[in-house]
Amino acid sequence: MVNKILIIEDEKNISNSLKLILENEGFIVTIKELGTEGLACYSQHDLMILDLMLPDIDGIEVLKQIRKINLQYPILIVSAKTKEDDLVNGLSLGADDYITKPFSINELLMRIKRALQRQQLYEHKTNHTASQMKSYSFGKNTIDFVNLKASTEQGERDLTSQEVQLLLVLFKNEGKIISRTSLMEEIWGHSRDIESRTIDNFIVRFRKYFEPDPKNPKHILTKRGQGYLFLN
Ligand code: CA
């Protein structure tokens with residue numbers, strides 16, 4: 001199958017050279033210069049390469065809009081912005097990967113391939129999980145894996161695909177200590193150069209969503225120097 005890639009980038013020299021390289025690798029490539037144009041046509045492509053600084057709406061907004069309706073669509077952010085906040089922001093909003101300019105072509109190609117593989121793996125896992133486990137309850141919370149929603153003491157909330165994947169790993173390992181590295185591998189694949197703090201940020205959010213007293217968690221515990229422990 002030939003993969004179609006959508007590049008959203010307003011710098012023509014970057015987008016044109018990327019297009020040539022990707023076409024050489026056998027991809028079909030479309031370039032759009034505006035975020036809104038990208039939103040209009042992303043679903044006809046298998047993966048989006050997204051610049052953050054765009055003339056109309058910024059890349060984070062494009063990402064947010066897509067994630068509202070499609071949690072799995074592979075999005076690779078390519079940007080000159082290198083501030084850590086943008087990185088954490090992009091990833092927690094559901095970007096699949098993040099690469100900063102200038103980047104090496106090999107690095108980019110590797111990440112594209114990885115994102116496409118993850119997408120296939122994700123579809124496989126989600127189908128598998130949905131058929132196996134439709135929901136899971138702990139404390140006063142119920143996670144709905146089919147609709148990616150959680151019902152908690154504070155009400156209903158939508159979950160991102162990454163949150164759901166991470167929760168699944170915790171649930172499946174109930175009562176066992178699981179290291180940050182294993183958790184990261186489950187979500188991003190082991191060659192991700194992601195900070196282990198990113199996992200900690202997810203855990204902090206989970207405690208806010210699911211623990212009556214987030215400072216004294218009863219379900220998602222930290223084991224110093226070892227990782228996390230989920231107790232139902
Ligand atoms: Ca730009």
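So, a few notes on the structure that sits alongside this text. (Residues numbered from 1 in each chain as written. Predicted model: local features only at pLDDT ≥ 70, side-chain atom pairs only at ≥ 80, totals over all residues. Heavy atoms only, no water.)

## Here's the deal with the coordination of the calcium ion
The condition that has to hold: Coordination shells were defined by N, O and S atoms within 2.8 Å of each metal, extended to 3.2 Å for Na, K and Ca; water is absent from the atom set, which can make sites look incomplete. To qualify as a helix, a DSSP run of H or I must reach at least 4 residues; to qualify as a strand, a run of E must reach at least 2; elements of each kind are numbered from the N terminus. Three labels apply to residues, based on accessible area from a 1.4 Å probe with only protein chains included: buried if under 20% of the type maximum, exposed if over 50%, partly exposed otherwise in between.
All of the protein donors around the calcium ion are D10 (OD), D51 (OD) and M53 (O); their distances to the metal are 2.1 to 2.3 Å. Considered as a linear motif, the donors of the calcium ion on their single chain read D-x40-D-x1-M. On the criterion of sequence distance, the pair formed by D10 in the loop between strand 1 (4-8) and helix 1 (12-24) and M53 in the loop between strand 3 (47-51) and helix 3 (59-69) is long-range, its members being 43 residues apart. Residue class for D10 comes out partly exposed when judged on its relative accessible area of 26%.

## So, the pairing of strand 6 (residues 135-138)
Basically, it comes down to this: By this definition, two strands are paired if DSSP reports at least two bridges between them.
With burial as the criterion, only one face of strand 6 is covered, namely that bearing Y136 and F138; the residues S135 and S137 on the opposite face remain uncovered. Summarising the sheet, strand 6 and strand 7 (residues 141-144) pair through four bridges and their orientation is antiparallel. Residue pairing for strand 7: S137 is matched across the bridge by T142. Once strand 6 ends, the chain turns through two residues before running back antiparallel as strand 7, passing G139 with a positive phi of about 55°.

## Thoughts on the pairing of strand 9 (residues 155-158)
Where strand 8 (residues 149-152) and strand 9 come together, four bridges link them in antiparallel fashion. The residue bridging T152 from the neighbouring strand is G155, located in strand 9.

## Some points on unusual backbone geometry
Backbone geometry at L148 places phi at a positive 55°, although glycine is not the residue there. Relative to the helices and strands, L148 is located in the loop between strand 7 and strand 8. Residue classification places L148 among the buried positions, given a relative accessible area of 8%.

## Considerations on the nonpolar core
Rule in force here: Side-chain atoms within 4.5 Å are what join buried Ala, Val, Leu, Ile, Met, Phe, Trp, Tyr and Cys residues into a set we call a nonpolar core.
Formed by 28 residues in total, the largest nonpolar core has its most connected members in I143, L159, L170, F171, L183, F206 and F210. Broken down by secondary-structure element, the contributors of at least two residues to this core are strand 6, helix 6 (161-172), helix 7 (180-188), helix 8 (196-210) and strand 12 (227-230). No other element matches helix 6, which puts seven residues into this core. Formed by 18 residues, the second largest nonpolar core is a distinct cluster that contains I49, I99, L109 and L116.

## Some thoughts on the side chain of T152
To keep it simple, the criterion reads: N or O atoms within 3.5 Å of each other form a polar contact, as long as, within protein, one can give a hydrogen and the other can take it, and as long as residues adjacent in sequence are counted only when both atoms are side-chain atoms. For this analysis, residues touch if any pair of their heavy atoms sits within 4.5 Å.
With respect to the helices and strands, the residue T152 is situated in strand 8. The buried category is assigned to T152, whose relative accessible area is 10%. Of note is the side chain of T152, whose polar atom sits 3.0 Å from the backbone nitrogen of Q154. Not counting the four nearest positions on each side in its chain, T152 is found in contact with K140, N141, Y209 and F210.

## Some details on the sheet that holds strand 6
What counts, and what does not: For every element, the axis is a line fit to its C-alpha atoms; helices are fit only across the contacting stretch, and the angle between N-to-C directions ranges from 0 to 180 degrees.
In space, the four strands of this open sheet follow the order 6-7-8-9, with antiparallel pairing throughout. In this open sheet, the two edge strands, each paired with only one partner strand, are strand 6 and strand 9. Strand-to-strand twist across the sheet, computed as the mean angle between neighbouring axes with direction ignored, equals 15°.

## Here's the deal with helix 3
Rules: By construction, the arc corresponds to the directions joining the helix axis to the C-beta atoms.
Those residues of helix 3 that sit buried are G59, I60, V62, L63, I66 and R67. All buried residues of helix 3 fall inside an arc of 155° around its axis, so they share one side. Facing away from the buried surface of helix 3 by more than 90 degrees, the exposed residues are K68 and I69. At the N-terminal end of helix 3, a side-chain oxygen is found 3.1 Å from the backbone nitrogen of I60, two or three residues along, and the residue is D58.

## Comments concerning the environment of K32
By secondary structure assignment, the location of K32 is in strand 2 (residues 28-32). On the basis of relative accessible area, K32 is assigned to the partly exposed category, the value being 26%. Apart from residues lying up to four places away in sequence, K32 is in contact with L6, I7, I8, E9, E37, G38 and C41.

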